[in-house]
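# Chain and residue survey
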Amino acid sequence: MSPRRRLLAAILALVVLVAVVVVGIRVAASSGGGVDPVARPAQDRPGPVLLVPGYGGSRDSLLQLASRIEATGRDAQVLRLVGDGTGDLSAQVEVLDAAADAALAAGAPSVDVVGYSAGGVVTGLWISRDDGAAKARRVVTMGSPLHGTSLAALALTQAPDACPVACRQLAPGSAEVTELDRAHVGAAVPWLSIWTADDETSTPPETARLDGATNVRVQDVCPGARVGHSNLPRDATVTGLVLRAIGPAPVDVAGAGCGAAPAR
């Protein structure tokens, strides 16, 4: 065989070897254990609802919303954050992941997650880090600084001693905020982000908008509504939007209005 033919034969053998390896990897991946990274929970089998408090960890603002969810026949749990809720957001992510895993271990098909304020950032980090997209059926966030809040940046520069770890992590450009941007979490799971033009904590208010998610400003649903950051979990219009978003139908806010009731 001429040198040229030997070279062509060697190249052909190499191509065949690469093809065999690629096919083998694909077969192994499809038959291996663990959760399929593209698997999504069934949308017609809702499980319990986990509510994640905001900065500071206060559960009070979410208890009323949890009661409204329970009135529809769903189980709802307001999480207790580690410490005073101003520490490392990674610790709060672990709390959410443990609650989700406990629900799944008890037989739930999935969980819905409602994150308020910084709780929405915690939820996004959970989706990014802990395969939350394979555990969460739907996500709703309310006034969450998903791109950071200028209020945290101001505190960091003007009063750094009064800006604990979570405060620093909520500043625009932080490692955590950058992680959310890069992970494209809004496209990983059906996600409704609710925000208000009157938000004085998540600033600017548009920081709650998330690529890939359904973004709804309260004033677009209820023109003239005055809803501050702290009132989001208790506002009737917001409650209606949350109940619609975690209802039996796919995320759809069509027909929602002031004090909107959940879709049936």
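Residues numbered from 1 in each chain as written. Predicted model: local features only at pLDDT ≥ 70, side-chain atom pairs only at ≥ 80, totals over all residues. Heavy atoms only, no water.

## Considering the environment of Gly56
By the secondary structure assignment, Gly56 is in the loop between β1 (49–52) and α2 (60–70). In this structure Gly56 comes out as partly exposed when scored by relative accessible area, which is 33%. For Gly56 and Leu81, which are 25 residues apart along the polypeptide, the C-alpha to C-alpha distance reads 8.5 Å. Sequence-distant contacts of Gly56, defined by excluding residues within four places in its chain, comprise Asp84, Gly85 and Thr86. (Helix = DSSP H or I, 4+ residues; strand = E, 2+ residues; numbered from the N terminus. Buried < 20%, exposed > 50% of the residue type's maximum accessible area, 1.4 Å probe, protein only. Contact = heavy atoms within 4.5 Å.)

## Considering the packing of helix α3 (residues 89–105) against helix α4 (residues 118–129)
With their axes 9 Å apart at the nearest point, α3 and α4 run at an angle of 70° to one another. Overall, the two elements α3 and α4 adopt an arrangement that is roughly perpendicular. When the axes of α3 and α4 are compared, the crossing they make is right-handed. The segment α3 lies against α4, with Leu89, Ser90, Gln92, Val93, Leu96, Asp97 and Ala100 engaging Val121, Val122, Thr123, Leu125, Trp126 and Arg129. (Axes fitted to C-alpha atoms, helices over the stretch in contact; angles between N-to-C directions. Parallel < 35°, antiparallel > 145°, perpendicular 65-115°, else oblique. Left-handed = near helix turned anticlockwise from the far one by under 90°.)

## A word on the layout of surface pockets
Each pocket or cavity is described by its volume, and for the largest pocket that value is around 180 Å³. In terms of residue count, the dominant contributor to the lining of the largest pocket is helix α5 (residues 150–158) (3 residues). (1 Å grid on protein atoms, 1.4 Å probe; cavity = no way out; pocket = protein on both sides within 12 Å on 5 of 7 lines; lining within 4 Å. Points joined across faces, edges and corners; volume = space filled by probe spheres on them.)

## Considerations on the environment of Arg168
Here Arg168 shows up in helix α6 (residues 165–169). Through-space distance from the C-alpha of Arg168 to that of Gly148 is 9.5 Å; in sequence the pair is 20 residues apart. Setting aside anything within four residues of it in sequence, one finds Arg168 in contact with Leu156, Pro160, Cys163 and Ser174.

## Quick notes on the nonpolar core
In terms of nonpolar packing, the biggest core is built from 35 residues, with Leu96, Trp126, Ile127 and Trp191 touching the most fellow members. When contributions to this core are tallied by element, the ones reaching two or more residues are β1, α3, β3 (111–116), α4, β4 (136–142) and α6. Sort the elements by how many residues they give to this core and α3 lands first, with 7 residues. Those residues in contact with Leu96 that sit more than four places away from it in its chain are Leu50, Val52, Leu79, Val113, Val122, Thr123 and Trp126. Counting 28 residues, the second largest nonpolar core, distinct from the first, contains Leu65, Val114, Val140 and Ile246. (Core = buried A, V, L, I, M, F, W, Y, C linked by side-chain atoms within 4.5 Å.)

## A short note on the sheet that holds β1
Overall, parallel pairing links the 6 strands, which are arranged β2-β1-β3-β4-β5-β6 in an open sheet. At either end of the open sheet lies a strand with only one pairing partner, and these are β2 (76–78) and β6 (214–217). Adjacent strand axes in the sheet meet at a mean angle of 15° when their direction is disregarded. Running over the sheet, α4 touches β1, β3, β4 and β5 (191–195) and is turned about 140° from β3. (Pairing = 2+ DSSP bridges.)

## Some points on the pairing of β1
Of the two faces of β1, the one lined by Val49 and Leu51 and the one lined by Leu50 and Val52 are each fully buried. The pairing of β1 with β2 spans 3 bridges and is classified as parallel. Across the sheet, the residue bridging to Leu51 is Val78, located in β2. Each parallel crossover has a hand, and the one from β1 via α2 to β2 is right-handed. Here β1 pairs with β3 via 4 bridges, running parallel. When the bridges of β3 are listed, Leu50 appears paired with Val113. (Right-handed = clockwise from strand over helix to strand, strands pointing away.)

Keep in mind that these numbers describe shape and distance, not what the molecule does.
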